[in-house]
Amino acid sequence: MFLLRKPILALSDSSAVRDVVSKAPVTRSVVDRFIPGETSAAAVAAVRQLRAKGLQVTLDHLGEDTTDRETADATVAAYLDLLEALTAAGQVSGAEVSVKLSAVGQALTATPDLPAGGNAYALAGARKIADAAYAAGARVNLDIEDHTTIDQTLEVLFELRRTHPDVGVAIQAMLLRTPKDLAELVGPGSRVRLVKGAYNEPDTVAFTDPDQIDLAYVRAMKVLMNGRGYPMIGSHDPRMVAIADKLAADAGRTPDKWEHQMLYGIRPDEQERLVKAGKTVRVYIPYGEDWYGYFTRRLAERPANLLFFLRSVVSKG
Ligand SMILES: Cc1cc2nc3c(=O)[nH]c(=O)nc-3n(C[C@H](O)[C@H](O)[C@H](O)COP(=O)(O)OP(=O)(O)OC[C@H]3O[C@@H](n4cnc5c(N)ncnc54)[C@H](O)[C@@H]3O)c2cc1C
């Protein structure tokens, strides 16, 4: 079934497929399993629910591959609005926001009135979000996207860290370049979220065999756990979760020195079990209207999710 991952990810780029899936009446109910809602109020409600169970949170205002400045600006404004809503609800302290640089303009092309190009635009937007987040008592993590964007994302990360050293970044174990990137990211206090990688990458730049990806993930966990930063282990894979616990114990890391991370709606029982076992667990909460890309990556990851979706279409459609 892993064989279906690439075709699903490739299909998700088709605008015809996007139209059919987005408009199918049943899609919404399946989407609800992974996304608590479209507004900051819905996101704050999810934060309250998860925190009541002892879980930590990171929030993603959905959106990616923005091609115009208005949308990029609207995304920045949405994060500022979210931070205000979290503050008003008394939920901002210790919360994190996750930002995709492509949502705040990274892919904009340089024009005479934007001579520095998209990455500078994304940096400016991310800086506004980071300034507001750290002033409010929250923190920021940069999501990581397809392999063509990594250099630019790390450039933005290091720039942001000059004023906010706590800004974190996600790193994909599947990419062949990752050991080299990690070597620069294991310094004191460096927050790194390790994930397997959700994008459709060619074998010239990434491991594509699931076993090889798992081995690369374990190697990267060892580097992070034995480094001087703050490892964030973003995986639902029971084997990776167990190995992370063992490596953390071997490295003498207490629960305040690293954390597990999982996505909203995926293995919620396991999230609670880990909290009850005394671990730190952070849940990634995506919210907003632009859920299509995120949703199709979740379908591609797991046969059961795809079957659940198709079954709803067949029975209701
Ligand atoms: C907090 C967090 C942040 C992330 N940020 C990024 C990012 O910035 N960039 C990026 O490329 N990727 C990101 N990802 C996605 C990641 O790269 C993987 O695609 C995703 O986590 C699936 O890999 P896995 O390690 O959970 O294991 P897999 O090998 O995919 O799955 C192992 C097991 O986990 C369970 N499981 C996994 N996925 C699902 C699912 N969708 N539904 C139900 N059960 C599931 C199943 O039991 C499955 O058998 C993030 C993941 C997390 C948890």
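Details of the structure are given in the entry above.
This section reports on the structure supplied with the text. Since we're looking at a predicted model, the values are computed, not measured.

What follows deals with helix 10 (residues 238–250). Note: α-helices contain 3.6 residues per turn, so residues at a spacing of three or four share the same orientation. A rise of 1.5 Å per residue sets the reference length of helix 10, with its 13 residues, at 18 Å; its end C-alpha atoms lie 19 Å apart and thus fit the reference within 8%. All buried positions along helix 10 are accounted for by Met-240, Val-241, Ala-244, Asp-245, Leu-247 and Ala-248. Measuring from the side-chain oxygen of the N-cap residue of helix 10 to the backbone nitrogen of Arg-239 gives 3.0 Å; that N-cap residue is Asp-237.

So, on to the packing of aromatic side chains. Within this structure, the stated rule accounts for three aromatic pairs. The interplanar angle of 85° and the centroid separation of 5.8 Å between the aromatic rings of Trp-291 and Phe-295 together place this pair among those described as edge-to-face. Each residue in the set Phe-34, Trp-291 and Phe-295 is aromatic and connected to the rest through ring pairs, giving one cluster. Over the aromatic face of Tyr-294 sits the side chain of Arg-298, whose NZ or CZ is 4.5 Å from the ring centroid.

Turning next to the packing of helix 6 (residues 118–136) against helix 7 (residues 150–163). Orientation of helix 6 relative to helix 7, taken along the N-to-C sense of each, is 40°, at an axis distance of 10 Å. Helix 6 and helix 7 meet at a crossing whose hand is right-handed. Mapping the contact onto sequence places Asn-119, Leu-123, Ala-126 and Arg-127 in helix 6 and Gln-152, Glu-155, Val-156, Glu-159, Leu-160 and Thr-163 in helix 7. The class makeup of the residues in the contact of helix 6 with helix 7 is four nonpolar, three polar and three charged.

Counting buried positions along strand 5 (residues 191–195) yields four of five residues, so the element is predominantly enclosed. Pairing analysis gives four bridges linking strand 4 (residues 168–172) to strand 5, with the strands arranged parallel. Paired with Ile-171 across the strands is Leu-194, a residue of strand 5. Two strands pair when backbone bridges link them, and strand 5 and strand 6 (residues 230–234) are joined in this way by four bridges, in the parallel orientation. Each residue of the ladder has a partner; that of Leu-194, found in strand 6, is Ile-233.

This model, assessed by the stated rule, comprises 20 salt bridges. Arg-193 is the salt-bridge partner of Asp-143, the closest N and O atoms lying 2.9 Å from each other. Highlighted residues: Asp-143 in the loop between strand 3 (139–142) and helix 7 and Arg-193 in strand 5, separated in sequence by 50 residues. Residue Asp-143 shares its accessibility class with Arg-193, and that shared class is buried. As a salt-bridge pair, Arg-273 and Glu-270 come within 2.8 Å of each other at their nearest N and O atoms. Within this pair, Arg-273 and its partner Glu-270 are both found in helix 11 (residues 268–276), separated by three residues, close to a single helical turn. In this structure Glu-270 comes out as buried when scored by relative accessible area, which is 11%.

In the vicinity of the ligand, 23 residues are found, and the nearest of them are Lys-196, Gly-197, Ser-235, Glu-301 and Asn-305. Within the side chain of Lys-196, a nitrogen or oxygen atom sits 2.7 Å from an oxygen atom of the ligand. At 3.5 Å from a nitrogen atom of the ligand is found a main-chain nitrogen or oxygen belonging to Arg-298. Relative to its unbound accessible area of 920 Å², the ligand is 87% covered by the protein chains. Going through the elements one at a time, strand 4, strand 5, strand 7 (259–263) and helix 12 (292–301) are the ones with two or more residues in the shell around the ligand. Considering only residue class, the shell around the ligand consists of nine nonpolar, seven polar and seven charged.

Calculation notes
Residues numbered from 1 in each chain as written. Predicted model: local features only at pLDDT ≥ 70, side-chain atom pairs only at ≥ 80, totals over all residues. Heavy atoms only, no water. Helix = DSSP H or I, 4+ residues; strand = E, 2+ residues; numbered from the N terminus. Expected span 1.5 Å × (residues − 1). Buried < 20%, exposed > 50% of the residue type's maximum accessible area, 1.4 Å probe, protein only. Polar contact = N/O pair within 3.5 Å; in protein donor to acceptor, adjacent residues only side chain to side chain. Phe/Tyr/Trp six-rings, centres within 6.5 Å; stacked < 30°, edge-to-face > 60°. Lys NZ or Arg CZ within 6 Å of the ring centre and 35° of its normal. Axes fitted to C-alpha atoms, helices over the stretch in contact; angles between N-to-C directions. Left-handed = near helix turned anticlockwise from the far one by under 90°. Contact = heavy atoms within 4.5 Å. Nonpolar A, V, L, I, M, F, W, Y, C, P; charged D, E, K, R; others polar. Pairing = 2+ DSSP bridges. Salt bridge = Lys/Arg side-chain N within 4 Å of Asp/Glu carboxyl O. Near = heavy atom within 4 Å. Areas by Shrake-Rupley, 256 points an atom, 1.4 Å probe, with all protein chains shown as cover.

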